[in-house]
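Here is how the chains run, residue by residue.
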Amino acid sequence: MNITPKVKKILSHYESDCPGTKANLARMMMQGKLGGTGKLVILPVDQGFEHGPARSFAKNPDAYDPHYHFQLAIDAGLNAYAAPLGFLEAGADSFAGQIPLILKANSANSLAPKDGVPDQAVTASVSDALRLGCSAIGFTIYPGSHGAFEMMEEIRELAEEAKAAGLAVVIWSYPRGEGISKDGETGMDICAYAAHMAALLGAHIIKVKPPTAHLEQGEAKKVYEAEKIAIGSMAERIRHVTQACFAGRRIVVFSGGNAKSEKDLLNEIRGIRDGGGNGSIIGRNTFQRPRAEALKLLESIVGIYKGE
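Rules used throughout
Residues numbered from 1 in each chain as written. Predicted model: local features only at pLDDT ≥ 70, side-chain atom pairs only at ≥ 80, totals over all residues. Heavy atoms only, no water. Helix = DSSP H or I, 4+ residues; strand = E, 2+ residues; numbered from the N terminus. Core = buried A, V, L, I, M, F, W, Y, C linked by side-chain atoms within 4.5 Å. Buried < 20%, exposed > 50% of the residue type's maximum accessible area, 1.4 Å probe, protein only. Contact = heavy atoms within 4.5 Å. Expected span 1.5 Å × (residues − 1). Axes fitted to C-alpha atoms, helices over the stretch in contact; angles between N-to-C directions. Parallel < 35°, antiparallel > 145°, perpendicular 65-115°, else oblique. Left-handed = near helix turned anticlockwise from the far one by under 90°. Nonpolar A, V, L, I, M, F, W, Y, C, P; charged D, E, K, R; others polar.

Novice: Run through unusual backbone geometry, naming residues and quoting values.
Specialist: Glycine aside, negative phi is the norm for most residues, and most peptide bonds take the trans geometry. Despite not being glycine, K228 shows a phi value in the positive range, around 55°. Tracing the backbone shows K228 in the loop between helix 10 (218-226) and helix 11 (234-244). Positive phi outside glycine occurs at A247, with the angle close to 55°. Structurally, A247 is set in the loop between helix 11 and strand 9 (251-255).

Novice: Report on the nonpolar core, specifying residues and quantitative values.
Specialist: Among the nonpolar cores identified, the biggest contains 100 residues, and V41, Y81, L88, I102, I155 and I301 are the most heavily contacted of them. What L88 contacts, discounting residues up to four positions off in sequence, is F70, Y81, A83, L101, I102, L103, L132 and C134.

Novice: Go over helix 2 (residues 19-30) with me, naming the residues and quoting the values.
Specialist: If you check helix 2, its first and last C-alpha atoms are 16 Å apart, about what 12 residues at 1.5 Å a residue would give, namely 16 Å. For helix 2, every residue scored as buried is listed here: T21, N24, L25, A26, M28, M29 and M30. Just downstream of helix 2 lies G32, where phi reads positive at about 75°.

Novice: Describe the packing of helix 11 against helix 12 (residues 262-274), and please don't skip the residues or the numbers.
Specialist: At a minimum axis distance of 7 Å, the contact between helix 11 and helix 12 shows a crossing angle of 50°. It follows that helix 11 is oblique to helix 12 by the angle criterion. Where helix 11 crosses over helix 12, the handedness of that crossing is right-handed. Residues M234, A235, I238 and R239 of helix 11 pack against E268, G271, I272 and D274 of helix 12. Residues that form the contact of helix 11 with helix 12 fall into these classes: 4 nonpolar, 1 polar and 3 charged.

Have a look at this one:
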């Protein structure tokens, strides 16, 4: 693996990390069709835990099989594949060494009481990640939730252990809670704040939702208006989120979100590219489509990030 100058520069931003962690970051960044470009497209398949099997896989029944997702990520030339413990265990031997893996170490589910505190259970360990040959662990936090502080303490402990073992840390930072409106969950100020929190917690790779121009907090809105922070276009909003992550010194990828048309999805990804985002971590919008259609869509997404 001949690491490109672009990837070497990104690795140089992680000044406290051991060679093992940097090697695992390099494996992800040098993998697949975007290898060496500094851009990433990752397939995440944790939706079965989050939404249930029928809601996640019935549109494309082949996707009930964990092997389907390993193969989809490999054939599409993606940088990594992320999933909970059981899904990775179901294909870890058959696909060993073929694509970098990210073990999603906590999960929620839609059976939990709707009036409960937004939270997730820790469902996997660093030992599991090492046993399965993973390059990283993934973890979700809910800034704004009454459970946020406990989640932050959980990832602090897991991240310390992961980094000591040479693994990278990916944090999904999804704002939600009683004090945040539905629009606020993807509002510009809240999204940038959530991304910054993930960086402060020591994430190597930060995953957030693409932000809207909505401003949720009154005090933040005053600053955005006084400083004339540009947030009118998707590219401007993406640029501001990456700025919030240590002026671009951390890798930031953006979720695909709810199912949407191909045209809308690709336009959104162009905005991520133009704003300097590092890429996409996109699940339902690909694996819920038939395989040939999913591969074609992923080829288009990769092409956008390659500047084609």
